[in-house]
Amino acid sequence: MRARNAHRAYAQDMIRRQTHFRFRLLAPLLVTCSACSTIRPPVRFQDESSDVSIILGVEPEMFPETWLQAGIKAEASPLDRSEEQRSLAIVKRALAKYPNSLLHENLERLYVVGKLDFSGITCGGTNSRERLYHVNGGVSKWYTDEIIERGIHHEFSSILLRNYQKKLNRPEWDAVLPVGFQYGDDGVQAVIDGKAATALNEGMMENGFLSEYALSSFENDFNLIAERLFMYSEALFALGKKYPKLGKKNSIVIKFYHELNPIFTEAYFRGSEFNLH
């Protein structure tokens, strides 16, 4: 889960390609979302290649039932109509970076909403078993194209890590961590404690961490590297060369994705190989 204030930090620190993606517009449905305070029909698209549903807005049963209980209380607000076209373009660009088979097997629906809250904590994105949720509150609220796309990669990396955890060399990862280091409880607690800064912090890179938020959990540490890899960030490789522990983590994440599909190589993440579809 990524917090709203984390998005602000993202916008302060530092797409290249758009692959043809076949989408089909589905007829909008009139919906009432019990997890939302507003009624508005979402706009739905279906990717005919991967079968992923793109929902721009809110709909009934968009959240798992357990998320509606008092301890979590998930709530979402509709996406502003003026942001629909931009949101769809960002989603298409992000999903085009994955093989259709990987999307088909791991992502059922991707929601873009105007606001996302969990027990009063506003966040920028989260995920469930086969669903991804991301906020687009408009550029004026720091939701730039880059911030949103990075967030999509961030959340999808959680789904993939959960589904294929045995393909990541965790002992190799743990060997990079400072002696005696332990991750925090989770990202939500880091937000509550005011320790969720995601701006690049070179003071932490000597120990292999991109930012303060990376300390909150192994998953968030992994997510922060994955999202930058999928933005074809040369800066990430430059920093990895400068800070060997960070470079080692970069390599482990690339190996993980390569295990999922051989298209994912270092050359791919450097933006040298684009032909997925």
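As a convention, each chain's residues are numbered from 1 in the sequence order in which they are written. For a predicted model such as this one, the threshold for reporting local features is a pLDDT of at least 70, and the threshold for listing and counting side-chain atom pairs is 80 or more; totals across whole chains, interfaces and linings nevertheless cover every residue. Note that the side-chain values use all heavy atoms of the structure and ignore hydrogens as well as water.

Some details on the side chain of Lys97
Next, step 1: Put simply, DSSP H or I for four residues or longer makes a helix, DSSP E for two residues or longer makes a strand, and each gets a number counted from the N terminus. Assignment of secondary structure puts Lys97 in the loop between α2 (84-95) and α3 (100-106).
Next, step 2: Classification of residues uses two cut-offs on accessible area relative to the type maximum, computed with a 1.4 Å probe and protein chains only: under 20% is buried, over 50% is exposed, and between them is partly exposed. For Lys97, a relative accessible area of 1% gives the class buried.
Next, step 3: A distance of 2.6 Å separates the side chain of Lys97 from the side chain of Glu149, its partner in a polar contact. By the criterion applied in these results, polar contacts are pairs of N or O atoms within 3.5 Å in which, for protein atoms, one can donate a hydrogen and the other can accept it, and in which residues neighboring in sequence qualify only through two side-chain atoms.

What about the packing of helix α8 (residues 218-229) against helix α10 (residues 244-260)?
Next, step 1: The interhelical angle for the contact between α8 and α10, taken along N-to-C directions, is 75 degrees, at an axis separation of 10 Å. What the angle tells us is that α8 and α10 run roughly perpendicular. Of the residues in α10, those touching α8 at Asp221, Phe222, Ile225, Ala226 and Leu229 are Leu246, Lys249, Asn250, Val253, Ile254, Phe256 and Tyr257. Axis definition: a line fitted to C-alpha atoms, over the contacting stretch in the case of helices. Angles run 0 to 180 degrees between N-to-C directions. Should an angle fall under 35 degrees it is taken as roughly parallel, and over 145 as roughly antiparallel, whereas 65 to 115 is taken as roughly perpendicular and any remaining angle as oblique. Two residues qualify as a contact provided that any one of their heavy atoms is within 4.5 Å of a heavy atom in the partner residue.

Let's talk about the confidence of the model for the chain
Next, step 1: In predicted models, pLDDT denotes the confidence assigned by the predictor to each residue on a 0 to 100 scale. Confidence in the prediction of the chain, expressed as mean pLDDT, is 85, and 80% of residues score 70 or more.
Next, step 2: Predicted confidence is poor over residues 4-38, with pLDDT under 50, and the contacts of this stretch with residues over four places away or in other chains come to 111 contacts.

Some thoughts on the packing of aromatic side chains
Next, step 1: Only centres within 6.5 Å qualify two rings of Phe, Tyr or Trp (six-membered ring in Trp) as a pair; their planes then separate them into stacked at under 30 degrees, edge-to-face at over 60, and tilted for everything else. Applying the stated criterion to the full structure yields 28 aromatic pairs.
Next, step 2: Each ring, one from Tyr111 and one from Tyr133, has its centre 5.3 Å from the other, and the planes form 5 degrees; the classification is stacked. You can see Tyr111 sitting in strand β6 (residues 109-113) and its partner Tyr133 sitting in strand β9 (residues 131-135), a full 22 residues away along the chain.
Next, step 3: Positioned above the aromatic ring of Phe237, the side-chain terminus of Arg270 is 4.2 Å from the ring centre. Here, a charge over a ring is recorded when the distance from Lys NZ or Arg CZ to the ring centre is within 6 Å and its angle to the ring normal is within 35 degrees.

Some details on the pattern of salt bridges
Next, step 1: When a carboxyl oxygen of Asp or Glu is within 4 Å of a side-chain nitrogen of Lys or Arg, the pair counts as a salt bridge. Evaluated as defined, the whole model comprises 20 salt bridges.
Next, step 2: A salt bridge links Glu149 to Arg93; the shortest N-O distance between them is 3.3 Å. With Glu149 in helix α4 (residues 145-163) and Arg93 in helix α2, this residue pair connects regions lying 56 residues apart in the sequence. Grouping residues by exposure puts Glu149 and Arg93 together as buried.

Side note on α10
Next, step 1: Here the expected span of a helix is defined as 1.5 Å times the quantity of residues minus one. With 17 residues, α10 ought to run about 24 Å at 1.5 Å a step, and its terminal C-alpha atoms sit 25 Å apart, in line with that.
Next, step 2: Those residues of α10 that fall on the buried side of the exposure criterion are Leu246, Lys249, Asn250, Ile252, Val253, Ile254, Phe256, Tyr257 and Leu260.

Some details on the pairing of β9
The side chains of a regular strand alternate between the sheet's two faces.
Next, step 1: Burial of β9 is extensive: five of the five residues sit out of reach of the surface.
Next, step 2: Of the two faces of β9, both are covered, the one formed by Arg131, Tyr133 and Val135 as well as the one formed by Leu132 and His134.
Next, step 3: A pair of strands is considered paired only if DSSP assigns at least 2 bridges between the two. Relative to β9, β6 runs parallel, the two being bridged by five bridges. Across the sheet, Val112 pairs through a bridge with His134, a residue of β9.
Next, step 4: Turn length for the strand β8 (residues 121-127)-β9 hairpin, with the two strands adjacent in sequence and antiparallel, is three residues.

As for unusual backbone geometry
Next, step 1: Positive phi, normally seen in glycine, also occurs at Asp51, with a value near 70 degrees.
Next, step 2: As for its position among the elements, Asp51 is in the loop between β3 (43-47) and β4 (53-56).
Next, step 3: You will see that Ser119, though not glycine, has its phi angle at about 50 degrees, which is positive.
Next, step 4: The exposure class of Ser119 is partly exposed, given its relative accessible area of 40%.

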